[in-house]
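Residue strings, one per chain:
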Amino acid sequence: MLQFPLLNEALTLFFSQLLLSIPFLLFGIVLSSVLLVFVDEHKLIARFPQNRILSSIVGSSLGILLPVGQYGTIPVVRRLLLQGAPIPLAISFLVAGPTVNPIVIWFTLSTLAIQPRLIFLRIVLTWFMAVIIALVFSSYREKPSSELILNPVSRVPFLRSGTFLVDETKDDPLQRSGNLIYEYAMPEVHQRSWLEKLSLFFRNGIQESLELMPFLLLGSAIAAGSQLYLPQASLLNWAIDPLTQILVMMGLGVTLSFGSLFSASFLVPLTANLWIGSSLAFLLIDSVINLKSLALLLAVFRFKPVFYLTILTIQLVLLFALVLNFYVN
């Protein structure tokens with residue numbers, strides 16, 4: 001019987017990438033549905049700080065309460081934006097949530113116990129990076145559309161898609177006064193019966209899963225191919241100076257796509273041969289931008305904000321890593 005060892009290895013890598021990511025994405029979708037159906041939107045918005053700096057700080061710490069992982073953070077951030085959360089809060093949570101949460105912190109402590117300085121720097125610099133990026137995005141504006149768009153997603157300039165509830169008894173989901181749209185033409189979701197809430201909860205969960213899962217499959221397939229064909233050992237041997245080592249580790253972080261939880265495991269056998277800035281560059285970039293998270297981000301957000309997020313993340317990670325390699329080591 002013919003055997004295909006390369007195909008078997010590719011499938012193994014693909015399913016390992018997928019199985020390590022699906023639970024977190026599903027957890028995020030469940031939380032997104034909870035925020036939609038069981039949380040009073042007006043009370044939620046009232047509790048959010050409106051000051052840009054305070055909002056960024058709160059959002060960067062939100063992962064401690066909502067540890068949904070790197071891929072689960074994306075649907076939750078979309079839901080927060082649709083519910084009216086301030087942009088700095090949502091963006092800082094998107095950047096810091098995958099790292100600044102108890103699960104990732106505990107796993108990093110147990111994996112890199114011999115590198116306490118690296119663990120401390122990962123948490124602090126992730127938080128700092130999240131605040132900076134959130135403050136930059138707080139001034140982000142797109143040109144207003146001249147067309148009257150009824151989709152609530154249009155109220156958030158970042159979003160490409162998003163689920164929202166429509167009152168099926170009405171043709172127009174929004175209330176009008178002439179051409180002015182001022183509120184949804186549907187009863188408050190939290191005031192509905194528990195049977196209706198459960199129906200909406202499962203309906204939204206299914207809809208978000210069907211929307212986002214194909215993009216996670218695509219990202220996992222590309223990441224598996226990268227793990228299979230990328231000459232990791234050759235690249236690490238070639239990177240012998242501080243700058244090239246940082247660039248190689250950042251490239252590996254993006255392409256190998258281990259995610260914020262498991263990237264520390266990859267570093268364990270390498271830390272003795274890496275500058276601390278290079279190790280940190282791998283941890284920081286993989287926690288925000290990798291092939292799987294990029295696929296999900298492009299499914300949810302418009303291209304321009306994803307591009308800005310990617311460029312800002314690369315610049316900050318490169319800056320932090322260079323400072324550490326040249327001035328701390």
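In case you missed it, the structure is sitting above this.
Bear in mind that the values here come from a model prediction, so they are computed numbers and not experimental data.

### Examining the overall build of the chain
Line of reasoning, step 1. The helix and strand inventory of the chain stands at 14 helices and 2 strands.
Line of reasoning, step 2. A total of 329 residues make up the chain; the buried ones form 50% of that total.
Line of reasoning, step 3. Of the roughly 15,900 Å² of accessible surface on the chain, a fraction of 68% belongs to carbon and sulfur atoms.

### Structural notes on the environment of leucine 6
Line of reasoning, step 1. The residue leucine 6 is located in helix 1 (residues 5-37) in this model.
Line of reasoning, step 2. Leucine 6 sits 222 residues away from leucine 228 along the chain, and the two C-alpha atoms are 8.7 Å apart.
Line of reasoning, step 3. If we ignore the near neighbours within four places in the chain, the residues touching leucine 6 are Leu228 and Tyr229.

### A word on a nonpolar patch on the surface
Line of reasoning, step 1. The grouping of Trp194, Leu198, Phe202, Ile206 and Leu210 at the surface amounts to a nonpolar patch, some 600 Å² of accessible area in total.
Line of reasoning, step 2. With respect to the secondary-structure elements, isoleucine 206 resides in helix 8 (residues 194-229).

### Side note on the nonpolar core
Line of reasoning, step 1. Counting 82 residues, the largest nonpolar core has Leu80, Leu81, Ile133, Phe137, Phe158 and Phe301 as its most contacted members.
Line of reasoning, step 2. Take this core: its biggest share by element is 9 residues, from helix 7 (residues 116-137).
Line of reasoning, step 3. Ignoring anything within four residues of it in the chain, the contact list for isoleucine 133 reads Ile91, Val95, Leu309, Leu312, Thr313 and Leu316.

### Section: the side chain of threonine 310
Line of reasoning, step 1. Relative to the helices and strands, threonine 310 is located in helix 14 (residues 303-327).
Line of reasoning, step 2. Within polar-contact distance, the side chain of threonine 310 engages the backbone oxygen of valine 306 at 2.8 Å.
Line of reasoning, step 3. Not counting residues within four places of it along the chain, the set of residues in contact with threonine 310 comprises Ile289 and Leu294.

### Things to note about the environment of threonine 73
Line of reasoning, step 1. On the secondary structure map, threonine 73 appears in helix 4 (residues 69-82).
Line of reasoning, step 2. With a relative accessible area of 1%, threonine 73 lands in the buried category.
Line of reasoning, step 3. On a C-alpha basis, the gap between threonine 73 and glycine 63 in space is 8.6 Å, while along the polypeptide they are 10 residues apart.
Line of reasoning, step 4. Residues in contact with threonine 73, not counting those within four places in the same chain, are Val68, Phe93, Leu94, Gly97 and Pro98.

About the cut-offs
- Residues numbered from 1 in each chain as written.
- Predicted model: local features only at pLDDT ≥ 70, side-chain atom pairs only at ≥ 80, totals over all residues.
- Heavy atoms only, no water.
- Helix = DSSP H or I, 4+ residues; strand = E, 2+ residues; numbered from the N terminus.
- Buried < 20%, exposed > 50% of the residue type's maximum accessible area, 1.4 Å probe, protein only.
- Areas by Shrake-Rupley, 256 points an atom, 1.4 Å probe, with all protein chains shown as cover.
- Contact = heavy atoms within 4.5 Å.
- Patch = residues over 30% accessible without salt bridge, like charges linked within 9 Å, V, L, I, M, F, W, Y side chains within 5 Å.
- Salt bridge = Lys/Arg side-chain N within 4 Å of Asp/Glu carboxyl O.
- Core = buried A, V, L, I, M, F, W, Y, C linked by side-chain atoms within 4.5 Å.
- Polar contact = N/O pair within 3.5 Å; in protein donor to acceptor, adjacent residues only side chain to side chain.

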